[in-house]
Amino acid sequence: MLAITLLTMASDPLVVGVDFGTLSGRAVVVRVRDGLELGTAVHDYRHGVLDRALPDGRPLPPDWALQVPQDYVDVLRHAVPAALADAGVDPADVIGIGTDFTACTMVPVKSDGTPLNELPEFADNPHAYVKLWKHHAAQPQADRINHLAAQRGEGWLPRYGGLISSEWEFAKGLQLLEEAPEVYAAMDHWVEAADWIVWQLAGTYVRNACTAGYKGIYQDGYPSADFLSALNPDFADFVSDKLEHQLGQLGDRAGGLTEQAAGWTGLRPGIAVAVGNVDAHVTAPAARAVEPGQMVAIMGTSTCHVMNADVLADVPGMCGVVDGGIVPGLWGYESGQSGVGDIFAWFVEHNVPPEYHEQAKARGITVHELLTELAAQQRIGEHGLIALDWHSGNRSVLVDHELSGVIVGQTLATRAEDTYRALLEATAYGTRVVVDSYTDAGIPVTELVIAGGLLRNPLLMQIYADVTNLPLSVIGSEQGPALGSAMHAAVAADAYADIHAAAQAMGSVKRGVYLPIPANVEAYERMFVEYQELHDYFGRGANEVMHRLKARRRAAKGE
Ligand SMILES: Nc1ncnc2c1ncn2[C@@H]1O[C@H](COP(=O)(O)OP(=O)(O)O)[C@@H](O)[C@H]1O
Ligand SMILES: O=C(CO)[C@@H](O)[C@@H](O)COP(=O)(O)O
């Protein structure tokens, strides 16, 4: 601690980055000149993810996922001061704060930014709460948007891989209108949480170019009122009434820190607050992966794949392509898998017999680590299983959240470690489908750069290298998104001319940490053929059983 304090003494400028994840927010204090991370702190959201019931116990339907906006403010109040204390620095040396958020995570608000769930008349209405990125209950609306857009040949559709996700702003907005018109009518703005938090910090509402582009269908303009009215006449003014607002570019200064936010965080009022950003996209510069061909996979609860290119291409099933969506001057592409770590967590929590839990506890390791250790002893294909990684639906390339998980090949001899390994592999095949979709569209992926919590699993990493036949580089920081946000704060505070310069000085990556093993590549190539067959059979209409099962589940629950 003494050495660090001496190094940062006097006026060595610092920045703070805050990453708002699915379950918690993490703050990091970073030195501007070299990206050294001096202190960090995490604050768990008090209400976590509301996927079964509202705080008052009112049950929620399946596929819902809500959050409480005050939990985000609590991160500013607790994690930022704790990170400053952990760093042992003088808060007066902090020149800027930047944030990133999960997306598309939407807050319905009044004109002053008050979330509707905070109004007494709406506290018991689920539609007044934040709809988290993994709220998947707007698939019927997404289907209608896609059908109509394809029918009318809307020019923006190819920019979204041909399909708009139920996770994005329009599908969730239409669901809000159709299921809770009174909440929709009371809402003045439909705001990305990424921008809402900046609003709390700087007192100004600026819509960031990243979420506006990827999640808000903004491509030199929004979908027309004519299109919206054909979806539902009451939706015609959705853009002009609820969505459209001043845009800010990534790394721009949204405003100065307000007195109130200075009180929450312990930072100086007036310091630069960067325009909002997304967890995946800020991570690319943090990993110095901003060149065409370098695909960053941010692997945690879900996986986001982001990559820059100097050309515009139609990549089927991508989430979107946005000019300057990751860094200025390049086309930023995004794809994703809605469930990855979430699937492993589901398996560990609901499918692993008690003796594994007991053994892990006795050895002081997690069940994930125990299962990984056992699975690592197997040869490829030894478990006799193949799985589809769709337990949270499919974001890319099928863009269908009515799809569900499958495991083929189970017998009475199947053990927990077999299924765990099959699920790890399934997510790797899912990433391979994404990588192939880019290469087939003429923008080849030459390197996979991995960031996020799943880096902690070396077996998983080797499987990804073998399944994709790509060298895996690894981000240098354990908190890539928070570091990336801090870098955007440095740009917003004018410490660097642009994010490229900040990436050079503050980002870090270790190259070629996992290399494909030729024999494994060959073995996985054969397994991948099986995966693709199942993928297309269940995902492209040959067998609609998954859709029928979801419909039956809804009917049985009386929805
Ligand atoms: N050893 C492990 N191997 C594989 N997955 C793991 C392991 N330990 C935890 N996980 C998974 O990691 C996920 C959390 O990843 P993390 O990056 O910390 O979260 P987030 O995406 O919310 O930022 C959880 O879904 C959990 O199931
Ligand atoms: O979809 C995006 C970004 O576009 C993510 O925010 C979303 O998948 C959530 O990411 P995490 O799994 O919480 O890291």
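Quick caveat, the model's predicted, so the values are computed rather than measured.

**Q** Any chance you could explain the sheet that holds strand E15 (residues 320-323) here in plain terms?
**A** Backbone-to-backbone hydrogen bonds pair the strands of a sheet. The strands run either parallel or antiparallel. Here seven strands make up an open sheet; going across it, the order is E15-E16-E14-E13-E19-E20-E21 and the pairing mixed. Each edge of the open sheet carries a strand with a single partner, namely E15 and strand E21 (509-514). Within this sheet the neighbouring strands show an average axis-to-axis angle of 25°, counted without direction. As paired elements, strand E13 (residues 294-299) and strand E19 (residues 447-451) share five bridges and run parallel to each other. Paired with Ala297 across the two strands is Ile450, which belongs to E19. Those strands touched by helix H11 (residues 279-286) are E13, strand E14 (303-309), strand E16 (331-337), E19 and strand E20 (472-475), and its axis lies near 55° from that of E14. Together, E13, E19, E20 and E21 form the strand contacts of helix H16 (residues 458-468), whose direction differs from that of E21 by roughly 75°.

**Q** Is there a simple way to explain the UniProt feature "domain: Carbohydrate kinase FGGY C-terminal" (unreviewed entry) in the chain in this structure?
**A** In the numbering adopted here, UniProt assigns the feature "domain: Carbohydrate kinase FGGY C-terminal" (unreviewed entry) to residues 296-493. Annotation note: span residues 296-493, helix share 40%, strand share 19%, distance between end C-alpha atoms 26 Å.

**Q** Hey, could you run me through the nonpolar core in this one?
**A** Most often, soluble globular proteins have nonpolar side chains that are buried together. Membership of the largest hydrophobic core comes to 67 residues, with the highest contact counts inside it found for Tyr333, Leu371 and Tyr438. Ranked by residues supplied to this core, first place goes to helix H15 (residues 416-440) with 12 residues. Membership of the second largest hydrophobic core comes to 45 residues, among which are Ala41, Phe101, Val198 and Leu257.

**Q** Explain the site of ligand 1 here, please?
**A** Looking at ligand 1, the residues that line it are Gly300, Thr301, Gly341, Asp342, Phe344, Ala345, His368, Tyr420, Gly453, Leu454, Arg456 and Asn457. Take Arg456: an N or O atom from its side chain is 3.1 Å from a nitrogen atom of ligand 1. Separating a nitrogen atom of ligand 1 from a side-chain N or O atom of Asn457 is a distance of 3.0 Å. Protein chains shield 74% of the accessible area of ligand 1, which is 580 Å² for the free molecule. Among the elements that make up the shell around ligand 1, the one with the highest residue count is helix H12 (residues 341-351) (four residues). Tallied by class, the residues present in the shell around ligand 1 amount to four nonpolar, six polar and two charged.

**Q** Sorry, what's going on with the packing of H15 against helix H19 (residues 518-539) here?
**A** Angle between the axes and distance between the axes: these two values describe a pair of packed helices. In contact at an axis separation of 10 Å, H15 and H19 are set at 80° when each is read in the N-to-C sense. On the basis of their axis angle, the class for H15 and H19 is roughly perpendicular. Mapping the contact onto sequence places Arg421, Glu425, Ala426, Tyr429, Gly430, Arg432, Val433 and Asp436 in H15 and Tyr524, Glu525, Met527, Phe528, Tyr531 and His535 in H19. Partitioned by chemical class, the residues of the contact of H15 with H19 number seven nonpolar, two polar and five charged.

**Q** Quick question: what am I supposed to make of the site of ligand 2 here?
**A** Residues in close proximity to ligand 2 include Thr22, Thr102, Ala103, Trp133, Lys215, Val278, Asp279, Thr301, Ser302, Cys304, Glu334 and Arg395, which together make up its full environment. At a separation of 2.9 Å, an oxygen atom of ligand 2 approaches a polar side-chain atom of Asp279. One nitrogen or oxygen atom from the side chain of Arg395 is found 2.9 Å from an oxygen atom belonging to ligand 2. When ligand 2 sits alone it has 380 Å² of accessible area, and the protein chains cover 93% of it.

Conventions we followed
Residues numbered from 1 in each chain as written. Chains lettered and ligands numbered in written order. Predicted model: local features only at pLDDT ≥ 70, side-chain atom pairs only at ≥ 80, totals over all residues. Heavy atoms only, no water. Pairing = 2+ DSSP bridges. Helix = DSSP H or I, 4+ residues; strand = E, 2+ residues; numbered from the N terminus. Axes fitted to C-alpha atoms, helices over the stretch in contact; angles between N-to-C directions. Contact = heavy atoms within 4.5 Å. UniProt positions renumbered as here; feature names shortened; annotations may be inferred. Core = buried A, V, L, I, M, F, W, Y, C linked by side-chain atoms within 4.5 Å. Buried < 20%, exposed > 50% of the residue type's maximum accessible area, 1.4 Å probe, protein only. Near = heavy atom within 4 Å. Polar contact = N/O pair within 3.5 Å; in protein donor to acceptor, adjacent residues only side chain to side chain. Areas by Shrake-Rupley, 256 points an atom, 1.4 Å probe, with all protein chains shown as cover. Nonpolar A, V, L, I, M, F, W, Y, C, P; charged D, E, K, R; others polar. Parallel < 35°, antiparallel > 145°, perpendicular 65-115°, else oblique.

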